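# Observations on the three-dimensional arrangement
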Amino acid sequence: MLCLDLSGRTYVVTGVTNERSIAWAIAEKLAAGGANLLFTYRLERSGEALRKLIPSLPGEGNHRLFSLDVERDEDIEALATFVREEGISLAGLVHSVAFARKEELDGAFIDTSREGFLLAHNVSVYSLVALARALRPAFRPGAAVVTLTYLGSERVVPHYNVMGVAKAALEASVRYLAYDLGGDGVRVNAVSAGPVRTLSARGIAGFTRILGIVEERAPLRRNITAEEVANAALFLLSDWSSGITGEVLYVDAGYGIMG
Ligand code: N5H
């Protein structure tokens, strides 16, 4: 029987804010495969949520928490030091963080401020580069990095605005990082997820409308679930995808192929 055994492997998982987070769905799958998880969180509220959620995972005692703000180099360095001092060899990284100010998403792209542009790119894109570099010495050969992206990187999706530009930079970063880390035997890929109702999507103008459009137009005539995104992420984080790097894998019910 085919199986996916991740026992003894450790993955860093960023971006869990609550049980609806895509990163949490990925964490559940990794833990089900037997992996040990090192969760990073920024807001104390997310740390609290994680403390409540972790006991529901298999291998409860093997998972740890680390407070990390991706905007702070010292936090990223502290994570790398912690991993080194604990002698952890990493099987991978789940990068699931992004941020754009409400003003940038509510208005028109042309009105993006310099500050808002830089903030979105700093949190949503540079964080991947900085984490990959800091954790590089800890990655074992065969390790895998997965980030989350969205179709707004290549098409104009009203209101996605500066996030679309940041996701385009994120996808390009995936390719350049795949090249840089390929020599270490480390792979870097992205999952392009269809819309999923998470905390990050809450209160966003037009989100519910977009869910309806996907349901109507996508080949599968429905939206996707966080679990489906997690299944694809698990594939990319495991040896099942050992020949794949620098790719964007779409988990969007086929929406992206439609004209
Ligand atoms: C076309 C759309 C809908 C319009 C645009 C949505 C953009 C969403 C992404 C960013 C990351 C959301 C964001 O930064 C919201 C913040 O301004 C306010 N929210 C927060 O601070 C909450 C509390 C925390 C948890 O959020 C973050 N990010 O820290 C895109 C949708 C169809 C698909 C989608 C929602 C894509 C995506 O990139 O998430």
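Residues numbered from 1 in each chain as written. Predicted model: local features only at pLDDT ≥ 70, side-chain atom pairs only at ≥ 80, totals over all residues. Heavy atoms only, no water.

What follows is about the side chain of Ser-173. When you line up the elements, Ser-173 lands in helix H6 (residues 161-182). Taking the relative accessible area as the measure of exposure, Ser-173 reaches 14% and is therefore buried. A distance of 2.7 Å separates a polar side-chain atom of Ser-173 from the backbone oxygen of Ala-169. Contact partners of Ser-173, with chain neighbours within four places excluded, come to Val-125 and Val-129. (Helix = DSSP H or I, 4+ residues; strand = E, 2+ residues; numbered from the N terminus. Buried < 20%, exposed > 50% of the residue type's maximum accessible area, 1.4 Å probe, protein only. Polar contact = N/O pair within 3.5 Å; in protein donor to acceptor, adjacent residues only side chain to side chain. Contact = heavy atoms within 4.5 Å.)

What follows covers the sheet that holds strand S4 (residues 90-95). With respect to topology, seven strands assemble into an open sheet ordered S3-S2-S1-S4-S5-S6-S7, the strand pairing being parallel. Bordering the open sheet on either side are strand S3 (64-67) and strand S7 (248-251), each of which pairs with just one other strand. Averaged over all adjacent pairs, the angle separating strand axes in this sheet is 20 degrees, with direction ignored. Where helix H1 (residues 22-32) meets the sheet, it contacts strand S1 (10-13), strand S2 (36-41), S4 and strand S5 (139-149), and its direction lies at approximately 165 degrees from that of S2. (Pairing = 2+ DSSP bridges. Axes fitted to C-alpha atoms, helices over the stretch in contact; angles between N-to-C directions.)

Take the pattern of salt bridges next. Scanning all chains against the criterion turns up 13 salt bridges. Ionic pairing is found between Arg-101 and Glu-115, a salt bridge with its closest N-O pair at 3.6 Å. In this pair, Arg-101 is assigned in the loop between S4 and helix H4 (102-106) and Glu-115 in helix H5 (residues 114-135), connecting sequence segments 14 residues apart. The class for Glu-115 is exposed, based on a relative accessible area of 58%. The network of salt bridges with common partners includes Arg-101, Glu-103, Glu-104 and Glu-115. (Salt bridge = Lys/Arg side-chain N within 4 Å of Asp/Glu carboxyl O.)

Glancing now at the packing of aromatic side chains. Under the defined criterion, the tally for this structure stands at three aromatic pairs. The interplanar angle of 70 degrees and the centroid separation of 4.9 Å between the aromatic rings of Tyr-150 and Tyr-160 together place this pair among those described as edge-to-face. Placement of Tyr-150 in the loop between S5 and H6 and of Tyr-160 in the loop between S5 and H6 is noted, with a sequence separation of 10 residues between them. For the pair Tyr-150 and Tyr-160, one class covers both residues: buried. (Phe/Tyr/Trp six-rings, centres within 6.5 Å; stacked < 30°, edge-to-face > 60°.)

Turning our attention to the site of the ligand. Taken together, 21 residues surround the ligand, and among them Ala-98, Ala-100, Val-157, Tyr-160 and Ile-204 come closest. For the ligand, an oxygen atom lies 2.6 Å from a polar atom in the backbone of Ala-100. Tyr-160 is positioned with one of its side-chain polar atoms (N or O) 2.5 Å from an oxygen atom of the ligand. Contact with the protein chains removes 83% of the 810 Å² of surface that the ligand exposes when unbound. Contributions of two or more residues to the shell around the ligand are made by H4, H6 and helix H7 (207-217). For the shell around the ligand, the residue count by class is 15 nonpolar, two polar and four charged. (Near = heavy atom within 4 Å. Areas by Shrake-Rupley, 256 points an atom, 1.4 Å probe, with all protein chains shown as cover. Nonpolar A, V, L, I, M, F, W, Y, C, P; charged D, E, K, R; others polar.)

Most of strand S6 (residues 187-193) is tucked away, with seven of its seven residues classed as buried. Of the two faces of S6, the one lined by Arg-187, Asn-189, Val-191 and Ala-193 and the one lined by Val-188, Ala-190 and Ser-192 are each fully buried. Pairing geometry for S5 and S6, over six bridges, is parallel. Across the sheet, Leu-148 pairs through a bridge with Val-191, a residue of S6.

Before going further, it helps to spend a moment on the nonpolar core. In this structure, Val-13, Ile-26, Leu-30, Leu-37, Phe-39, Val-191 and Val-229 are the most contacted members of the largest nonpolar core, which totals 41 residues. At the level of secondary structure, the elements contributing two or more residues to this core comprise S1, H1, S2, helix H2 (44-53), S4, S5, S6 and helix H8 (226-237). Not counting the four nearest positions on each side in its chain, Leu-37 is found in contact with Tyr-11, Val-13, Ala-27, Leu-30, Ala-31, Leu-57, Asn-62, His-63 and Arg-64. Counting residues in each nonpolar core, the second largest holds 35 residues, with Val-83, Val-125, Val-145 and Val-186 among its members. (Core = buried A, V, L, I, M, F, W, Y, C linked by side-chain atoms within 4.5 Å.)

Angle between the axes and distance between the axes are the two parameters that describe a pair of packed helices. At a closest axis distance of 8 Å, the pairing of H1 and H8 adopts a crossing angle of 55 degrees. What the angle tells us is that H1 and H8 run oblique. When the axes of H1 and H8 are compared, the crossing they make is right-handed. Counted together, Ile-22, Ala-25, Ile-26, Lys-29 and Leu-30 of H1 and Ala-226, Glu-227, Val-229, Ala-230, Asn-231, Ala-233, Leu-234 and Leu-237 of H8 form the full contact between these two elements. (Parallel < 35°, antiparallel > 145°, perpendicular 65-115°, else oblique. Left-handed = near helix turned anticlockwise from the far one by under 90°.)

Any link to function would need more than the numbers given here.
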